[in-house]
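Okay, here's what each chain looks like letter by letter:
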Protein chains: 2
Amino acid sequence: MSHPGGEGRLAQSAAVRVGPLGTMEQVWDWWTALPRRGAYEVETVPFRRLGEWAFTSEGNLVHASGGFFSVQGLRVTGDGPPRTQPIINQPEVGILGILVKEFDGVLHCLMQAKFEPGNLDIRQLSPTVQATRSNYMRVHNGRATPYVEFFRSPPRDRVLVDVLQSEQGAWFWRKRNRNMVVEADGDVPEREGFRWLTLNQVLRLLYSDNVVNMDARTVLASLALHPGRDDAPAADSPLRQALLRSYRSQDVEGGAVHTLRQVIGWFTDVKVRCAWDRALLPLSQVTGWTRTEQEIADDARQEFRILGVQVRASGREVRQWTQPLLAPFGQGTAVFLTRTFGGVLHVLAAARPEPGLSDLVEIAPTVHCRTPAAAAAQPFAGAALAEAPERTHCDVVLSEEGGRFRHALTRYRILDAGPEVPDLPPDGYCWVTAGQLTELARHANYLNIEARTLLTCLYGMWAGAAPGPGAR
Amino acid sequence: MSHPGGEGRLAQSAAVRVGPLGTMEQVWDWWTALPRRGAYEVETVPFRRLGEWAFTSEGNLVHASGGFFSVQGLRVTGDGPPRTQPIINQPEVGILGILVKEFDGVLHCLMQAKFEPGNLDIRQLSPTVQATRSNYMRVHNGRATPYVEFFRSPPRDRVLVDVLQSEQGAWFWRKRNRNMVVEADGDVPEREGFRWLTLNQVLRLLYSDNVVNMDARTVLASLALHPGRDDAPAADSPLRQALLRSYRSQDVEGGAVHTLRQVIGWFTDVKVRCAWDRALLPLSQVTGWTRTEQEIADDARQEFRILGVQVRASGREVRQWTQPLLAPFGQGTAVFLTRTFGGVLHVLAAARPEPGLSDLVEIAPTVHCRTPAAAAAQPFAGAALAEAPERTHCDVVLSEEGGRFRHALTRYRILDAGPEVPDLPPDGYCWVTAGQLTELARHANYLNIEARTLLTCLYGMWAGAAPGPGAR
């Protein structure tokens with residue numbers, strides 16, 4: 001009980017620009033000097049060269065151990081004609097954990113430069129631990145996951161965050177991971193590829209394309225970061241004032257358009273009205289998708305394909321392995337539109353179903369399309385997809401989980417809604433404050449993974465880590 | 001947006017002892033004068049006389065319309081040998097709704113004296129609306145559910161609460177209902193059997209055996225009732241002072257033993273460690289249970305039996321019907337043990353799996369046993385089951401859902417833990433404050449139905465509705 005909640009200490013760390021590695025320039029020096037080419041080789045291979053991975057008689061792609069994950073089929077009904085697709089089934093709950101520790105009274109995060117086979121740029125900035133259960137239980141007979149011992153049974157008073165959060169509901173079947181932040185006491189060795197960074201440094205890296213990985217972003221979002229009590233003087237522009245008020249407004253009394261209970265009620269209503277149903281089925285029963293020796297892809301080549309890769313590596317738990325990856329066709333877009341009501345910044349949240357989410361519906365970005373083809377059909381696509389530097393608060397391209405997805409890039413944007421978006425949004429949408437989103441992000445089953453990334457970006461705007469409007 | 005959150009107004013209503021019906025004495029006059037015998041007749045009948053209800057070839061007990069609910073089988077694995085049991089499957093999300101309205105600036109609840117076939121005493125105090133989807137969509141061709149129009153598409157700013165909550169995970173398969181509180185404007189006719197009561201009056205009725213029904217209790221719990229800002233002077237005894245501090249303590253800074261995040265982390269940990277799995281199966285494959293012409297019961301007659309009833313009524317949507325009910329063997333017990341740490345009352349919460357809960361594990365009473373036989377085996381049974389008037393804060397026998405369960409009584413108790421309970425509880429238990437439980441009760445999937453009843457009882461202690469220690 002010596003370490004209380006940590007909210008104030010997190011806000012403090014979000015303001016500290018210099019850490020053990022030095023300034024941001026020195027952080028960048030470390031990052032760019034990391035081995036890239038040569039250390040890892042990822043080669044696309046036909047399915048027959050996937051080693052322990054093979055298709056069952058039902059057409060599912062599985063590992064001989066029964067562990068890791070499998071690619072199966074999914075049928076979705078209830079909203080238009082039934083449709084089917086492949087989906088990744090990974091029932092184990094893994095750990096995504098950031099170890100934090102005070103240096104000179106400031107919390108630092110132990111971040112890892114981690115290779116994943118689907119990464120665009122070989123390594124991305126990752127949590128301290130990113131381990132499936134197979135992984136840290138050593139199903140693959142590799143080396144132990146470094147630092148995992150801090151996350152297995154931490155004393156309760158060392159736990160800053162420990163909450164289950166969902167991942168991509170369009171690509172994963174009911175996947176969820178344990179998002180953890182644990183505080184360490186005493187000496188913690190800094191292993192190769194791991195560095196202590198302040199929260200401000202991590203947030204600054206977040207605004208560079210494809211540096212901070214999805215797992216790090218979701219753990220940061222679960223921290224429910226918000227301005228500290230003493231941060232009022234830092235609100236030095238109208239936008240930052242509106243954002244500070246947004247973080248401090250959880251209810252109508254504070255200037256929010258709706259009470260938090262009404263936001264929960266809106267979410268409940270969308271959930272109850274959702275008529276979707278979904279079930280796993282053998283991959284061989286998926287229609288509109290074709291399997292060749294090289295890939296399984298939708299015939300229109302608009303969604304994604306499943307392919308196999310062979311990896312040769314020197315820095316990971318095992319030195320060589322093969323695995324399937326899911327590769328989307330084209331870049332996705334996820335946008336939070338914002339508007340200021342009564343001096344309080346609000347975000348236009350959507351509540352939308354995705355077939356793989358535990359409870360189907362979660363709170364999502366205003367606009368989110370996984371591929372360019374899907375973009376134009378969404379409500380608010382005009383406002384959300386426009387290039388509008390003067391309305392843009394944040395604009396960055398980030399990668400989704402490189403352990404399962406190949407080059408799955410999403411352009412994340414936060415921008416002012418502009419005049420064409422109505423004050424009274426249609427069903428399925430609700431104006432919410434940063435404080436309300438932050439409150440909900442503490443719990444499971446509310447914000448989907450893209451909304452959580454945008455929530456972290458929003459906090460980066462507050463912490464001064466975001467480049468200014470029109471920077472892109 | 002004219003009616004903000006309502007927290008203060010709820011606390012105010014919880015202090016007002018006189019409403020439109022008059023004093024509590026007059027409320028009791030109304031209640032006891034309600035027709036009892038004669039108005040409804042409930043007769044146990046063999047399954048063959050259940051009319052539209054029949055067994056399928058798989059042995060499941062279903063309604064010819066495919067609506068309402070069915071009795072199926074359930075298999076639970078993962079913790080000891082697999083076991084099977086019958087379970088009620090009711091996939092529809094119903095509405096449990098209380099309509100509230102201000103009279104002379106005080107919020108009142110429109111409560112209903114409602115008959116249910118499983119009620120011990122014919123009618124119990126129920127929410128304004130208690131309707132399955134079949135019910136309010138009129139699958140059974142009955143009369144419309146009164147007041148349901150207030151809950152179908154209420155304007156967002158009239159919604160005080162709207163959240164999905166679970167029901168008995170041992171008896172229901174993934175059942176959850178929408179718990180709603182909606183505020184009405186303008187004239188609302190008071191139909192026969194419906195009365196406007198202050199929250200204080202409802203809470204006083206709660207402390208009488210078998211008056212306030214389960215559906216009313218869960219809606220009250222979802223209101224996340226807590227003391228208003230001006231209630232400090234009302235803390236006129238050490239216990240009430242400790243309880244007031246408990247409601248005001250959500251984090252370590254406020255005197256809670258753990259931060260709310262650590263409580264969520266404890267809950268996540270129990271969830272992740274739970275090795276249970278469960279699946280529906282045909283009722284004919286359930287073992288250790290025997291079906292006769294009259295009932296389906298476990299062979300030890302320790303759990304429950306499924307039986308059929310024929311109802312003749314004049315005050316319900318249809319005048320005569322038959323249906324199955326689940327009748328437990330003997331009375332259950334649900335106990336919150338409490339202890340004061342640093343002047344702040346804490347409750348010893350348990351996190352336990354129940355096979356029918358959506359996510360298996362929810363926060364439960366310290367001790368909960370559905371039948372007397374199961375009681376002694378639980379941790380803390382000694383402290384929780386003792387007759388200890390000097391340690392007893394609350395002690396009342398309440399009924400579970402009379403629409404599905406027959407005479408399912410639970411003795412709910414809140415009592416001081418006494419010296420034998422350790423300050424450091426074992427795995428699966430955690431000391432939490434009333435403020436933390438209240439905060440979690442605003443969301444789905446945290447508190448199970450018995451914990452929510454006890455949370456309402458706890459608030460009744462605060463509101464002065466509970467009889468004093470040793471009153472029973």
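Predicted model only: the values in this text are computed from it and were never measured. (Residues numbered from 1 in each chain as written. Chains lettered and ligands numbered in written order. Predicted model: local features only at pLDDT ≥ 70, side-chain atom pairs only at ≥ 80, totals over all residues. Heavy atoms only, no water.)

**Considering the overall build of chain A**
Looking only at helices and strands, chain A has twelve helices and 25 strands in total. Radius of gyration (C-alpha) of chain A: 22 Å, near the 23 Å computed for a compact globule of 472 residues. Overall, chain A is about 65 × 55 × 40 Å in size when its C-alpha atoms are taken along their principal axes. When the 472 residues of chain A are sorted by exposure, 65% land in the buried category. Relative to all contacts within chain A whose residues are 6 or more apart in sequence, the contacts with residues 24 or more apart total 73%. Within the structure as shown, chain A displays about 17,000 Å² of accessible surface, and the carbon and sulfur contribution to it stands at 49%. (Helix = DSSP H or I, 4+ residues; strand = E, 2+ residues; numbered from the N terminus. Rg over C-alpha atoms; globule rule 2.2 N^0.38 Å. Buried < 20%, exposed > 50% of the residue type's maximum accessible area, 1.4 Å probe, protein only. Contact = heavy atoms within 4.5 Å. Areas by Shrake-Rupley, 256 points an atom, 1.4 Å probe, with all protein chains shown as cover.)

**Some thoughts on the side chain of Glu183 of chain B**
Residues and elements named next belong to chain B. Relative to the helices and strands, Glu183 resides in strand E12 (residues 176-183). What makes Glu183 buried here is its relative accessible area of 2%. A polar atom in the side chain of Glu183 sits 2.8 Å from the side chain of Arg9. (Polar contact = N/O pair within 3.5 Å; in protein donor to acceptor, adjacent residues only side chain to side chain.)

**Some details on the interface of chain A and chain B**
In this assembly, 47 residues from chain A lie in contact with 48 residues from chain B. Carbon and sulfur atoms make up 48% of the area that chain A and chain B hide from each other, which totals about 3,900 Å². Counting the surface chain A buries against chain B, the share from its top three residues, Arg156, Arg261 and Gln262 of chain A, is 22%. Linking chain A to chain B there are four salt bridges. In this structure, Arg176 of chain A engages Asp359 of chain B in a salt bridge whose closest nitrogen and oxygen atoms are separated by 2.7 Å. Our count for the chain A to chain B interface comes out at 18 residue pairs in polar contact (both at pLDDT 80 or more). Of all the elements in the fold, those that place two or more residues in the side of chain A that touches chain B are helix H1 (7-13), strand E10 (159-166), strand E12 (176-183), helix H8 (260-273), strand E25 (429-433) and helix H11 (434-441) of chain A. The element contributing the most residues to the side of chain A that touches chain B is H8 of chain A, with eleven residues. In the side of chain A that touches chain B, the residues fall into 21 nonpolar, ten polar and 16 charged. (Buried area = accessible area lost by both parts, 1.4 Å probe. Salt bridge = Lys/Arg side-chain N within 4 Å of Asp/Glu carboxyl O. Nonpolar A, V, L, I, M, F, W, Y, C, P; charged D, E, K, R; others polar.)

**Notes on the relation of the copies chain A and chain B**
When chain A is fitted to chain B, the residual RMSD is 0.0 Å, and the transformation amounts to a turn of 180° plus an axial shift of 0.0 Å. In short, the pair behaves as if placed about a two-fold rotation axis. For chain A, the smallest separation between a C-alpha atom and the rotation axis is recorded for His443 of chain A, amounting to 4.3 Å. (Least-squares fit on C-alpha atoms with pLDDT ≥ 70 in both.)

**Looking at the environment of Lys114 of chain A**
For Lys114 of chain A, the position within the fold is in strand E7 (residues 106-115). Taking relative accessible area as the criterion, Lys114 of chain A reaches 6% and is therefore assigned buried.

**Examining the confidence of the model for chain A**
When the pLDDT values of chain A are averaged, the result is 91; 93% of them are 70 or greater. Interface confidence for the predicted complex, expressed as ipTM, amounts to 0.93; the pTM equals 0.94. (pLDDT = per-residue confidence, 0-100.)

**Here we look at the packing of aromatic side chains**
Residues and elements named next belong to chain A. Throughout the structure, instances matching the rule amount to 32 aromatic pairs over all chains. Between the aromatic rings of Trp53 and Phe68, the centroid separation amounts to 6.3 Å while the plane-to-plane angle is 45°, which identifies the pairing as tilted. Highlighted residues: Trp53 in strand E2 (residues 53-55) and Phe68 in the loop between strand E3 (61-63) and strand E4 (70-77), separated in sequence by 15 residues. Across the pair, exposure class does not vary: Trp53 and Phe68 are buried alike. In this structure an aromatic cluster arises from ring pairing among Tyr40, Phe115 and Trp321. (Phe/Tyr/Trp six-rings, centres within 6.5 Å; stacked < 30°, edge-to-face > 60°.)

**Here we look at unusual backbone geometry**
For Phe68 of chain A, which is not glycine, the phi torsion reads 55° and is therefore positive. Within the chain, Ala224 of chain B stands out as a residue other than glycine whose phi angle is a positive 50°. Following the sequence through the fold, Ala224 of chain B ends up in the loop between helix H6 (214-222) and helix H7 (238-248).

**What to know about the pattern of salt bridges**
Residue and element names in this part refer to chain A. Applying the stated rule across the entire model yields 38 salt bridges over all chains. The salt bridge partner of Arg411 is Asp395, with a shortest N-O separation of 2.7 Å. Pair noted here: Arg411 is in strand E24 (residues 409-416) and Asp395 is in strand E23 (residues 392-399), with a separation of 16 residues, a long-range link. Classification of Asp395 as buried rests on a relative accessible area of 13%.

**Considerations on empty space enclosed by the protein**
In the structure shown here, the tally under the stated rule is eight cavities of 30 Å³ or more. Roughly 220 Å³ of volume is contained in the largest cavity. Sorting the residues of the lining of the largest cavity by element identifies E10 and H8 of chain A together with strand E10 (159-166) and helix H8 (260-273) of chain B as the ones contributing at least two each. Size it by volume and the second largest cavity reaches roughly 80 Å³. Lining of the second largest cavity is provided by 15 residues; of these, Gln165, Ser166, Lys175, Arg176 and Ser358 of chain B occupy positions nearest its centre. Considering only residue class, the lining of the second largest cavity consists of four nonpolar, six polar and five charged. (1 Å grid on protein atoms, 1.4 Å probe; cavity = no way out; pocket = protein on both sides within 12 Å on 5 of 7 lines; lining within 4 Å. Points joined across faces, edges and corners; volume = space filled by probe spheres on them.)

**Considering the side chain of Glu362 of chain A**
Residues and elements named next belong to chain A. Mapped onto the elements of the fold, Glu362 is located in strand E21 (residues 361-364). Despite its burial, Glu362 pairs with no opposite charge; the closest candidate is Arg452, at 4.6 Å N-O. Looking at Glu362, its side chain comes within polar contact range of the side chain of Ser166, at 2.8 Å. Contact partners of Glu362, with chain neighbours within four places excluded, come to Ser166, Phe267, Ala350, Ala351, Arg352, Leu357, Asn445, Tyr446, Leu447 and Asn448. (Lys, Arg positive; Asp, Glu negative; His and termini not counted.)

**Observations concerning helix H7 (residues 238-248) of chain A**
Here H7 of chain A has its buried residues at Arg240, Ala242, Leu243, Leu244, Ser246 and Tyr247 of chain A. Against the buried residues of H7 of chain A lie strand E19 (332-341), strand E20 (344-353), E25, H11 and helix H12 (449-462) of chain A.

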